[in-house]
Amino acid sequence: MTRPRPRDIHPSRGFTLIEVLVALMVVAIGLAALMLAVSGTARTSGYLRDKTLAQWMALNRLSEVRLNLTKFGQNTDVGEVNFANRTWHYDTRYFDTSIATMKRVVVRVYAGDAKTKGNPLAESTGFLGSAVSTPGSSNTKDWTDGSTVATATSPTNTVTPVTPIGGTQTPTPTPTPTPTPTPTPAP
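What counts, and where the lines are drawn
- Residues numbered from 1 in each chain as written.
- Predicted model: local features only at pLDDT ≥ 70, side-chain atom pairs only at ≥ 80, totals over all residues.
- Heavy atoms only, no water.
- Helix = DSSP H or I, 4+ residues; strand = E, 2+ residues; numbered from the N terminus.
- Buried < 20%, exposed > 50% of the residue type's maximum accessible area, 1.4 Å probe, protein only.
- Contact = heavy atoms within 4.5 Å.
- Areas by Shrake-Rupley, 256 points an atom, 1.4 Å probe, with all protein chains shown as cover.
- Pairing = 2+ DSSP bridges.
- Salt bridge = Lys/Arg side-chain N within 4 Å of Asp/Glu carboxyl O.
- Polar contact = N/O pair within 3.5 Å; in protein donor to acceptor, adjacent residues only side chain to side chain.
- Axes fitted to C-alpha atoms, helices over the stretch in contact; angles between N-to-C directions.
- Core = buried A, V, L, I, M, F, W, Y, C linked by side-chain atoms within 4.5 Å.

Chemist: How should I be thinking about the overall build of the chain in this particular structure?
Modeler: When helices and strands are tallied, the chain shows one helix and six strands. Element order for the chain, N to C, with α for helix and β for strand: α-β-β-β-β-β-β. Scored against the burial criterion, the 187 residues of the chain give a buried share of 17%. Sequence separation of 24 or more characterises 40% of the internal contacts of the chain that already satisfy a separation of 6 or more. Total accessible area on the chain stands at roughly 15400 Å², and carbon and sulfur atoms take up 62% of it.

Chemist: Got a minute to help me understand the pairing of strand β1 (residues 76–83) in this structure?
Modeler: Look at any regular strand and the pattern is simple: side chains alternate between the two faces of the sheet. Pairing geometry for β1 and strand β2 (residues 86–96), over eight bridges, is antiparallel. Looking at the pairing, valine 81 lines up with tryptophan 88 of β2. Counting the residues between successive antiparallel strands, the hairpin from β1 to β2 contains two residues, one of them, alanine 84, with a positive phi of roughly 60°.

Chemist: What is the right way to read the pairing of β2 from this model?
Modeler: As paired strands, β2 and strand β3 (residues 102–111) are joined by nine bridges and run antiparallel to one another. Each residue of the ladder has a partner; that of aspartate 96, found in β3, is lysine 103. Connecting the antiparallel pair β2 and β3 is a turn made up of five residues.

Chemist: Sorry if this is basic, but what is going on with the pattern of salt bridges here?
Modeler: Here the idea is simple: oppositely charged side chains can pair when their charged atoms come close. According to the stated counting rule, one finds seven salt bridges in the structure shown. We note a salt bridge from arginine 61 to glutamate 64, for which the minimum N-O separation is 3.1 Å. Here arginine 61 and its partner glutamate 64 are both found in helix α1 (residues 17–67), three residues apart, which amounts to about one turn of the helix. Residue classification places glutamate 64 among the partly exposed residues on the basis of a relative accessible area of 45%. Connected through shared salt-bridge partners, Arg49, Asp50 and Arg86 make up one network.

Chemist: Would you mind showing me how to read the side chain of histidine 89 here?
Modeler: Tracing the backbone shows histidine 89 in strand β2. A polar side-chain atom of histidine 89 sits 3.0 Å from the main-chain carbonyl oxygen of glycine 112. A distance of 2.9 Å separates the side chain of histidine 89 from the backbone oxygen of aspartate 113, its partner in a polar contact. Setting aside anything within four residues of it in sequence, one finds histidine 89 in contact with Gly79, Glu80, Arg108, Val109, Tyr110, Ala111, Gly112, Asp113, Ala114 and Thr116.

Chemist: Looking at this structure, I do not really get the sheet that holds β2. What am I missing?
Modeler: As a general point, the strands of a sheet are linked pairwise by backbone hydrogen bonds and lie either parallel or antiparallel. Read across the sheet, four strands follow the order β1-β2-β3-β4 without closing on themselves; strand pairing throughout is antiparallel. Looking along the sheet, the strands with just one partner apiece sit at the ends: β1 and β4 (122–129). Taking each pair of neighbouring strands and ignoring which way they run, the sheet shows an average axis angle of 25°. Sheet strands touched by α1: β1, β2, β3 and β4. Its angle to β4, the strand with the most contacts, is close to 15°.

Chemist: Help me understand the nonpolar core in this model?
Modeler: The tendency in soluble globular proteins is for nonpolar side chains to be buried as a group. Of all hydrophobic cores here, the largest spans 15 residues; its most connected members are Ala54, Val65, Trp88, Val105, Val107 and Val109. Elements with a contribution of two residues or more to this core: α1, β2, β3 and β4. Counting residues per element, this core draws most heavily on α1, at six residues.

Chemist: Help me understand the side chain of aspartate 50, please; the structure alone is not making it clear to me.
Modeler: You can see aspartate 50 is positioned in helix α1. Side-chain polar atoms of aspartate 50 contact the side chain of arginine 86, separated by 2.5 Å.

Chemist: Even after reading the chapter, I still don't get unusual backbone geometry, so can you show me in this structure?
Modeler: A negative phi holds for most residues other than glycine; trans holds for most peptide bonds. Of note in the backbone geometry, alanine 84 takes a positive phi value of approximately 60° without being a glycine. Inspection of the secondary structure puts alanine 84 in the loop between β1 and β2. The phi angle at asparagine 85 is positive, at roughly 60°, despite the residue not being glycine. Tracing the chain through its elements places asparagine 85 in the loop between β1 and β2.

What follows is the structure in structure tokens.
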């Protein structure tokens, strides 16, 4: 039998143990970064869901306060709500304003029952009180007093009046264009 010549011997092909370990480390680091991104997205999504629900409850509470026919008793009012299969609690506070018949209402909504401490997930502010003037009286006031009415100019130099919102149009004289003298040809 003949021995193979050195140039006919092919070195073995494949990965060394070091190359395999380096590849596994790169894959492990990549997967860890991917898991961190996915868990951060899920956490943010849950927070935004809770914040949206809390904002809805705060606006609902403001509507309840506005529709309540009883007058202000205390300066604060707390309660619990079961909403979206969870327990939430709210804190409603009433503050005086510069108008004696009007109050500023601030509603804060927290996740969990009333014993749970933490920052509010949502806060909504509204105003409540009796009318400052009679209903419908804003249409009797001419809101354009003291302001100038904008006008548009067309190519023929006529002025088109603009009607103020809620007001009446006053007739504005339309200037007549002055005839332009035509030059006479010289003989």
